[in-house]
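Single-letter residue listing:
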Amino acid sequence: MSVAPHLDPTRKHDFVFLVDCLDSNPNGDPDNGGMPRTDPITGQGLITDVAIKRKIRNTVAMFNEHEKRPGYEIYVEAGVALNAQHERAYAADQGNARDKKSAQAWMCQNFFDVRMFGAVMSTGKKDKQAGRVQGPVQIGFSRSIDPVTPFDIGITRVTPTKQEDVDAWNDPDPKKTEGGKETEMGSKHIVPYGLYRGAGHFSAPLAARTGVNSEDLATFWRAFTLMFDHDRAAARANMALRGLYVFTHEDAFGRAPAHTLLDLVAVKPLGDAGARSFTDYGTVEIHDADLPAGVTLTTLRTIAQ
């Protein structure tokens, strides 16, 4: 049975995606007090590959809570020790000897993110390690089309943190009341608006090593298109995937350099930080008439959706 080009794990894929952020923090920097990440020279906003992969992992885990498909567990998951995951690989066949190679194969078979993104599983006890897997899917940093202007917004909370502050505030003795708090101050870091462009790649030879199939690719694209809808938070209330464009080569190794394909999807910069909506950018320029021979383009999300 033939499958859609972008679902074929035996072919190379390169993809471009567009993410926009309105009055939100797309990816806070813990080394900078949680402020949105920016390039200090150009002022452009940044979203790390780790942040995108985390959202995909969380979305696939959400799928699996309802669908219960074998092979779609998540290796890098909150609240679960990585070494404990490795030990599961060795405990899977209690009656049979299991070495690092077979443990690695078990990890690829059971964990979606190991199959797709790879993993370094060389921690823990030496006889319970699963080595290193190079994943077929790699995603780079996303960068905003124009500079962004992150800033803090002050907020107040009517409930103090400590009970002694409440007691002191309500104490009839004026001297004791002076030390109490009726409210507490805080802040939120936001980007008023930013349109970010990112890219990723899928290697068919590496996919063959980890056992990726067309169902895995379908799950990956499905999670990619839905990840922001299930990642809402006070700091990320208005983020959306505005475009997802997949270039598929007709073979495993590629018919054109990836950068030449990625350049076929372009958004014209405004040249300043004045954008406040994705409509400020007009339309995305898709130069599909310039596609090289042996490459097809599949649009999974357009900026108008």
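Quick note: structure is the one above.
Residues numbered from 1 in each chain as written. Predicted model: local features only at pLDDT ≥ 70, side-chain atom pairs only at ≥ 80, totals over all residues. Heavy atoms only, no water.

Where helix 1 (residues 49-67) contacts helix 8 (residues 214-226), the two axes come as close as 9 Å, and the packing angle between them is 110°. Classified by the angle their axes make, helix 1 and helix 8 are roughly perpendicular. As helix 1 packs across helix 8, the resulting crossing turns out to be right-handed. Along the contact surface, helix 1 presents I52, I56, T59, V60, F63 and E67, while helix 8 presents T219, F220, R222, A223, F224 and L226. Partitioning the contact of helix 1 with helix 8 into residue classes produces eight nonpolar, two polar and two charged. (Axes fitted to C-alpha atoms, helices over the stretch in contact; angles between N-to-C directions. Helix = DSSP H or I, 4+ residues; strand = E, 2+ residues; numbered from the N terminus. Parallel < 35°, antiparallel > 145°, perpendicular 65-115°, else oblique. Left-handed = near helix turned anticlockwise from the far one by under 90°. Contact = heavy atoms within 4.5 Å. Nonpolar A, V, L, I, M, F, W, Y, C, P; charged D, E, K, R; others polar.)

The phi torsion at D23 lies on the positive side, around 50°, for a residue other than glycine. If you trace the backbone, D23 turns up in strand 1 (residues 13-24). Accessibility expressed as a relative area gives 41% for D23, which makes it partly exposed. With phi around 50°, K68 is a residue other than glycine that occupies positive phi space. Relative to the assigned elements, K68 resides in the loop between helix 1 and helix 2 (82-91). (Buried < 20%, exposed > 50% of the residue type's maximum accessible area, 1.4 Å probe, protein only.)

A few words now on helix 8. With 13 residues, helix 8 ought to run about 18 Å at 1.5 Å a step, and its terminal C-alpha atoms sit 18 Å apart, in line with that. For helix 8, the capping residue at the N-terminal end is N213, with a side-chain oxygen 3.1 Å from the backbone nitrogen of E215. (Expected span 1.5 Å × (residues − 1). Polar contact = N/O pair within 3.5 Å; in protein donor to acceptor, adjacent residues only side chain to side chain.)

Both faces of the sheet carry side chains from a regular strand, because those side chains alternate between them. The alternating pattern of strand 4 (residues 44-47) places Q44 and L46 and G45 and I47 on opposite faces, both of which are buried. Two strands pair when backbone bridges link them, and strand 4 and strand 8 (residues 142-147) are joined in this way by three bridges, in the antiparallel orientation. Bridged to Q44 within strand 8 is P147. (Pairing = 2+ DSSP bridges.)

Let us now look at a nonpolar patch on the surface. A surface patch of nonpolar side chains, about 220 Å² in accessible area, is lined by F151, I153 and I155. Take I155: it is sitting in strand 9 (residues 151-157). (Patch = residues over 30% accessible without salt bridge, like charges linked within 9 Å, V, L, I, M, F, W, Y side chains within 5 Å. Areas by Shrake-Rupley, 256 points an atom, 1.4 Å probe, with all protein chains shown as cover. Salt bridge = Lys/Arg side-chain N within 4 Å of Asp/Glu carboxyl O.)

Applying the stated rule across the entire model yields 16 salt bridges. Notably, a salt bridge pairs R37 with D29, separated by 3.8 Å at the nearest N-O pair. Taking the relative accessible area as the measure of exposure, D29 reaches 18% and is therefore buried. Across the pair R115 and D216 runs a salt bridge whose closest N-O atoms are separated by 2.9 Å. Here R115 is found in helix 4 (residues 112-117), whereas its partner D216 is found in helix 8, with 101 residues between them in sequence. Just as R115 is buried, D216 falls in that class too. Through salt bridges with shared partners, one network takes in E67, R69, E215 and R222.

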